[in-house]
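Summary of structural features
Below, each chain spelled out in residue letters.
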Amino acid sequence: MPQTLTTSAPHPRPPLISVVVPTRDSPEQVDRLLTSLAAQDCAGVEVLVNDDRRSRRPLDEVVDRHRRQGLDVRLIRDNPTRAAGRRRGTAHTSAPLVLHLDSDMTAEPGLLRECRQLIEHQGYDALVIPEVSVGEGFWARCKVLEKRCHDGDARVESLRCLRRDLYQRIGGHDEELVWAEDRDLDLRARAARARVGLCTQVLLHHEGTITLRDTMRKKAHYARTADRFAAKHPQDFAAQASPRRLLTLGRRGWRESRNPVLVAGLVFLKACEYAAAGSTLLALRISRTVTR
């Protein structure tokens, strides 16, 4: 059973948009995100922070402080994986619109108002929100360039805000997925004929200091459920895994920056991520074959 740690005062009126944030060991990041949500020029916002029970750095003080300052925010601990954290967190909210964010993001002041405007008044069922990476060091600069290369590309960017009834109708996030759980939700929403729009406001993705070792380790972890994603979306997975994506990324990177060192770094970074994910996936497939 989920453990509710902090409760908010009763709503003066029902919330209009629920923001769900899964997290683990990231009080500084959550503090920064909540500060950006408190600054939104949008009424009816509720926030649900879903912390991992394995977290060693508690969030109670951070959440309590923002709640005392007027933000409608609650904290639970029911986040075994990011997809599960999103799905289970959503079950603790009630607004007709749901926005899924990561704890290392911040939102531009007008983002939530734009989300409501596009869905409530322009008829969209779900929204893609562009992301801009910020961070320190060379590899972070490569990530910034990567985000720029994918800006507006529906084959890469996935929806983050959607109607609650749509979310429930398509079954929410797949709790067994780590690989591309956001992409899986996006593909299922589009298959259900959802009308997907694009925000003009952006999310800032705070990458911090990136190392090759950390990004490869992350991709290897994601790859442990890649076969499940591939079984559900074989064509999309084949496109993700194709080496041609590196060539396409290199060409786009050159058009965006004209910086040969930065483009070479981006291609090398993605090649390392491919290698980490591919080797992990191959090892898992061999292991399953041997044990049969």
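Chains are numbered independently. Their residues run from 1 in the order of the written sequence. Reporting in this predicted model follows two pLDDT cut-offs: at least 70 for local features of residues, and 80 or more for side-chain atom pairs to be given and counted; totals over whole chains, interfaces and linings ignore these cut-offs and use all residues. Only heavy atoms go into the side-chain values, all of them from the structure, while hydrogens and water stay out.

Strands are runs of DSSP state E lasting at least 2 residues, helices are runs of H or I lasting at least 4, and numbering of each runs from the N terminus. Relative to the elements of secondary structure, H233 occurs in the loop between α9 (226-232) and α10 (234-241). Judged by relative accessible area, H233 falls into the buried class, the value being 12%. Whenever two N or O atoms come within 3.5 Å, that pair is a polar contact, provided that in protein one can donate a hydrogen and the other can accept it, and provided that, for residues adjacent in sequence, both atoms are side-chain atoms. Side-chain polar atoms of H233 contact the side chain of D184, separated by 2.6 Å. When a residue's accessible area, from a 1.4 Å probe over protein chains only, is under 20% of the maximum for its type it is buried; when over 50% it is exposed; and in between it is partly exposed.

For two strands to be treated as a pair, DSSP must find at least two bridges joining them. Across the sheet, 3 strands lie side by side as β6-β11-β8; this open sheet has mixed pairing. On the outer flanks of this sheet lie β6 (105-107) and β8 (131-136), each paired with one strand and no other. Within this sheet the neighbouring strands show an average axis-to-axis angle of 25 degrees, counted without direction. Pairing of β8 with strand β11 (residues 203-209), which is carried by 6 bridges, proceeds in the parallel orientation. Bridge pairing links E136 to T209 in β11. Pairs of residues are marked as contacts when any of their non-hydrogen atoms sit within 4.5 Å. Lines fitted to C-alpha atoms define the axes here, with helix axes fitted over just the stretch in contact, and angles between the N-to-C directions of these axes take values from 0 to 180 degrees. Against the sheet, helix α1 (residues 27-38) touches β6 and β11, its axis set at about 10 degrees to β6. Helix α5 (residues 138-150) contacts β8 and β11 of the sheet and is inclined by roughly 170 degrees relative to β8.

Another aspect to go through is the pairing of strand β3 (residues 45-51). Burial within β3 is extensive, with 7 of its 7 residues counted as buried. Of the two faces of β3, the one lined by V45, V47, V49 and D51 and the one lined by E46, L48 and N50 are each fully buried. With α1 bridging strand β2 (residues 17-23) and the parallel β3, this β-α-β connection has right-handed handedness. Pairing of β3 with strand β4 (residues 73-77) involves 4 bridges; the strand directions are parallel. Bridge pairing links V49 to L75 in β4. In terms of handedness, the path from β3 via helix α2 (residues 60-68) over to β4 forms a crossover that is right-handed. Convention used here: a crossover is right-handed provided that the path from the first strand, over the helix, to the second strand proceeds clockwise when the strands point away from the viewer.

Time to look at unusual backbone geometry. Most peptide bonds are trans, and most residues other than glycine sit at a negative phi. At D25, a residue that is not glycine, the phi angle is positive and equals roughly 50 degrees. Considering the arrangement of structural elements, one finds D25 in the loop between β2 and α1. A positive phi angle, close to 55 degrees, is found at R258, a residue other than glycine. Inspection of the secondary structure assignment puts R258 in the loop between α11 (244-257) and α12 (260-291). By relative accessible area, which is 54% here, R258 ends up exposed.

What follows concerns empty space enclosed by the protein. Cavities and pockets were defined on a 1 Å grid built over protein atoms only: a cavity is a set of grid points that admits a 1.4 Å probe from which the probe cannot escape, a pocket is an open set flanked by protein on both sides within 12 Å along at least five of seven lines, and lining residues are those with an atom within 4 Å of any such point. Grid points are joined across faces, edges and corners, and a volume is the space filled by probe spheres set on the points. In the structure shown here, the tally under the stated rule is 1 cavity of 30 Å³ or more. Taken as a whole, the largest cavity holds about 30 Å³ of empty space. R86, H100, L159, R160, H173, D182 and L185 together form the lining of the largest cavity. Mapped by element, the contributors of at least two residues to the lining of the largest cavity are β9 (159-163) and α7 (181-191). Each residue gets one of three labels, nonpolar for Ala, Val, Leu, Ile, Met, Phe, Trp, Tyr, Cys and Pro, charged for Asp, Glu, Lys and Arg, and polar for the others, Gly among them. Classifying every residue of the lining of the largest cavity by side-chain character gives 2 nonpolar, 2 polar and 3 charged.

Okay, the nonpolar core next. Nonpolar cores were defined as sets of buried Ala, Val, Leu, Ile, Met, Phe, Trp, Tyr and Cys residues, with membership established by side-chain atoms within 4.5 Å. The biggest cluster of nonpolar side chains holds 33 residues, and the ones touching the most others in it are I17, V19, L34, L37, V47, L101 and L112. Elements with a minimum of two residues in this core: β2, α1, β3, α2, β4, β5 (97-100), β6 and α4 (111-121). Among the elements that take part in this core, α4 stands out by supplying 5 residues, more than any other. When near neighbours in sequence (up to four residues on either side) are disregarded, L101 contacts V19, V20, V21, P22, L33, L37, R86, R160 and L203. L177, A180, L187 and A230 belong to the second-largest nonpolar core, a separate cluster that totals 13 residues.

Bringing the UniProt feature "domain: Glycosyltransferase 2-like" (unreviewed entry) in the chain into the picture now. Per the UniProt entry, the sites bearing "domain: Glycosyltransferase 2-like" (unreviewed entry) are residues 18-137 in this numbering. Regarding residues 18-137, the helix share stands at 34% and the strand share at 28%, and the terminal C-alpha atoms are separated by 34 Å. UniProt positions are given in the numbering used here, feature names are shortened, and annotations may be inferred rather than shown by experiment.

Moving on to the packing of aromatic side chains. Between rings of Phe, Tyr and Trp, where Trp is taken as its six-membered ring, a pair exists when centres lie within 6.5 Å; planes separated by under 30 degrees are stacked, by over 60 edge-to-face, and by other angles tilted. Tallied over the entire structure, the rule returns 3 aromatic pairs. An aromatic cluster is present here, built from F138, W139 and F268 joined pairwise through their rings. By the criterion adopted, a ring carries a charge over it if an Arg CZ or a Lys NZ lies within 6 Å of its centre and within 35 degrees of its normal. Above the face of the Y124 ring, R195 is positioned so that its terminal group lies 4.2 Å from the ring centre.

What a helix is expected to span follows from its residue count: subtract one and scale by 1.5 Å. The terminal C-alpha atoms of α11, which comprises 14 residues, lie 20 Å apart, in line with the 20 Å expected from a rise of 1.5 Å per residue. Considered for burial, the residues of α11 that qualify are L246, L249, G250, R252 and G253. Those residues of α11 that are buried are in contact with α5 and α12. At the C-terminal side of α11, R258 shows a positive phi close to 55 degrees.

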